[in-house]
Each structure stands twice: as C-alpha cells, then as structure tokens.
Amino acid sequence: MISCEVTVTNTVGLHARPATFFIQRANSFKSSIWVEKDDRRVNAKSLLGVLSLGIVKGNTITIIADGADDSEAVKTLVNVIESDFTE
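Bear in mind that the values here come from a model prediction, so they are computed numbers and not experimental data.

Caption draft 1: Structural context of the packing of aromatic side chains. The tally for this structure, following the rule as stated, stands at zero aromatic pairs. Residue placement shows R41 over the ring face of W34; its charged tip is 5.7 Å from the ring centre.

Below is the structure:
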C-alpha cells in the first residue's frame, strides 16, 4: 500500500471536468485507489465519491493505492493534480 499527500492548486478544485479527468486516469490502473480528505475515504474511481468530498483549491488530500501498480498509480495521480489537470 502506497500513499501520498498533495495540495490541490487548481482554481475550481476537484470538481466536474477535473474530477472526470482524474477518475479516468485512476481507472487506467488495476490497483484499488482511494482519495482521503478530513478522515473521509472514497473510491478514486467513483465520480460521485470524489465529488462528495467537496475538494476545493487549497485542500490537502491523500491518494492511497493498493495493488500490483500502486506506486505508479499514486505517482501518476499526484502528477495530475500538481499539473492542474493538464496532462
């Protein structure tokens, strides 16, 4: 199991289009992946789950993955967030 904290710097946070892009990237991995914010953990492959966290600019979230490609999954998703969803 691998995890990493990252701060969301995108103007609109993890909402609508950025969340969809994030989830599409998460779904490209075989590992189980979660997003955690304020002691709430949701499936990173679920649009409703990710949107329910209400992630806005400046929030720090934790990306957690467990599985065959967990290290690559966390690294990729952290890069997606740090690049403001432009990859």
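There is more to say after this.
Caption draft 2: Spotlight on the sheet that holds strand β1 (residues 2–7). The strand order across the open sheet built from four strands is β1-β4-β2-β3, with neighbouring strands paired in antiparallel fashion. With partners counted over all chains shown, the strands left at the sheet margins are β1 and β3 (40–43), one partner each. Ignoring strand direction, the axes of neighbouring strands in this sheet form an average angle of 25°. In terms of strand pairing, strand β2 (residues 32–37) meets strand β4 (residues 60–66) through five bridges, oriented antiparallel. Residue pairing in the sheet places V35 in a bridge with I63 of β4.

The rules behind each value
Residues numbered from 1 in each chain as written. Predicted model: local features only at pLDDT ≥ 70, side-chain atom pairs only at ≥ 80, totals over all residues. Heavy atoms only, no water. Phe/Tyr/Trp six-rings, centres within 6.5 Å; stacked < 30°, edge-to-face > 60°. Lys NZ or Arg CZ within 6 Å of the ring centre and 35° of its normal. Pairing = 2+ DSSP bridges. Helix = DSSP H or I, 4+ residues; strand = E, 2+ residues; numbered from the N terminus. Axes fitted to C-alpha atoms, helices over the stretch in contact; angles between N-to-C directions.

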